[in-house]
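# Analysis of the macromolecular model
Given next are the chains, with one letter for each unit.
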Amino acid sequence: MVFENPLILGAIGAGLAVGIAGLGSGIGAGITGASGAGVVAEDPNKFGTAIVFQALPQTQGLYGFLVAILILFVFTSAPAWAMLAAGIGTGLAGLSAIGQGIASAAGLGAVAEDDSIFGKAMVFSVLPETQAIYGLLVAILLLVGVFSGPGVQEIAALGAGLAVGFAGLSGIGQGITAAGAIGATARDPDAMGKGLVLAVMPETFAIFGLLIAILIMLGIMF
């Protein structure tokens, strides 16, 4: 049975972490990069600004790479299902980079018209990052064995990874909302507060996923 070999599950987890998260970052960075190419064509002095915004959705790929490396370091000591769950959670949550790319592209477009909106555009653009951070947090907790009850070595750990991973996809919706809020704030700076309220709403589902993942890990301690 393939699932009886912990090294196989660990290898799959490492691959999913860096593979799925890299997919999200690639799409997100591509969306922002396309916007950046247009902006630089109009104003070459905006190249540095374009690089800054394009770097934002690349962090999810770095989180996936980090977790994959961590899995390789604990290959023979961490529970097999925890390694698989860490990879799934980090990878799926890393798809939030697609939403962040959409928001970053909108932010870059707004800054191209008005430099003074840079700070506000950055605030909206970093919002979808939190889903990926939740995935990274749960992955680290699983791998370092903070929740080391007997159940963590079984399929319950997989539930924690799935919870935070799929809930992290809410970052795509958050990025779309943030992109709209950036446009509204560019037209009326006083709209930022209401735009933030709308933009953080999709975050709720990621928090639900994080809480369930933690409850699963806490529950299997007893």
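Taking an unreviewed UniProt entry as the reference, the protein chain is identified by name as ATP synthase subunit c belonging to Methanotorris igneus.

Let's shift gears to the UniProt feature "domain: V-ATPase proteolipid subunit C-like" (unreviewed entry) in the protein chain. Using the residue numbers shown here, the UniProt feature "domain: V-ATPase proteolipid subunit C-like" (unreviewed entry) corresponds to residues 12–71, 84–142 and 158–216. Overall, residues 84–142 shows 86% helix and 0% strand. The separation of its end C-alpha atoms is 10 Å. The span residues 158–216 shows a helical share of 86% and a strand share of 0%, and its end C-alpha atoms are spaced 10 Å apart.

So, about the UniProt feature "transmembrane region" (unreviewed entry) in the protein chain. Residues annotated by UniProt as "transmembrane region" (unreviewed entry) correspond here to residues 60–84, 91–112, 132–148, 155–176 and 196–220. Within the segment residues 91–112, helix and strand shares are 91% and 0% respectively, and the terminal C-alpha atoms sit 32 Å apart. Secondary structure over residues 155–176 splits into 86% helix and 0% strand, and the C-alpha atoms at its two ends are 34 Å apart.

Let us look at helix α11 (residues 203–219). When the terminal C-alpha atoms of α11 are compared, their 24 Å separation across 17 residues agrees well with the 24 Å that a helix rising 1.5 Å per residue should span. Along α11, the residues that are buried comprise Glu203, Ala206, Gly209, Leu210, Ala213 and Met217. Seen from one end, α11 has its buried residues packed into an arc of 120°, which puts them on one side. More than 90 degrees from the buried face of α11, the exposed residues found are Phe205 and Leu215. On its buried face, α11 sits against α7 (129–144), α8 (156–167), α9 (170–187) and α10 (192–200).

Here we take up the pattern of salt bridges. For the structure shown, the criterion picks out two salt bridges. Put simply, aspartate 115 and lysine 46 hold a salt bridge, and the shortest N to O gap is 3.5 Å. Highlighted residues: aspartate 115 in the loop between α5 (96–113) and α6 (118–126) and lysine 46 in the loop between α1 (6–42) and α2 (47–55), separated in sequence by 69 residues. Residue classification places lysine 46 among the buried residues on the basis of a relative accessible area of 10%. Three or more residues are tied together by salt bridges with common partners; here these are Asp43, Lys46 and Asp115.

Taken together, the buried positions of α2 are Thr49, Ala50 and Phe53. What you see down the axis of α2 is that its buried residues fit within an arc of 100°, all on one side.

Calculation criteria
Residues numbered from 1 in each chain as written. Predicted model: local features only at pLDDT ≥ 70, side-chain atom pairs only at ≥ 80, totals over all residues. Heavy atoms only, no water. UniProt positions renumbered as here; feature names shortened; annotations may be inferred. Helix = DSSP H or I, 4+ residues; strand = E, 2+ residues; numbered from the N terminus. Expected span 1.5 Å × (residues − 1). Buried < 20%, exposed > 50% of the residue type's maximum accessible area, 1.4 Å probe, protein only. Arc of directions from axis to C-beta. Contact = heavy atoms within 4.5 Å. Salt bridge = Lys/Arg side-chain N within 4 Å of Asp/Glu carboxyl O.

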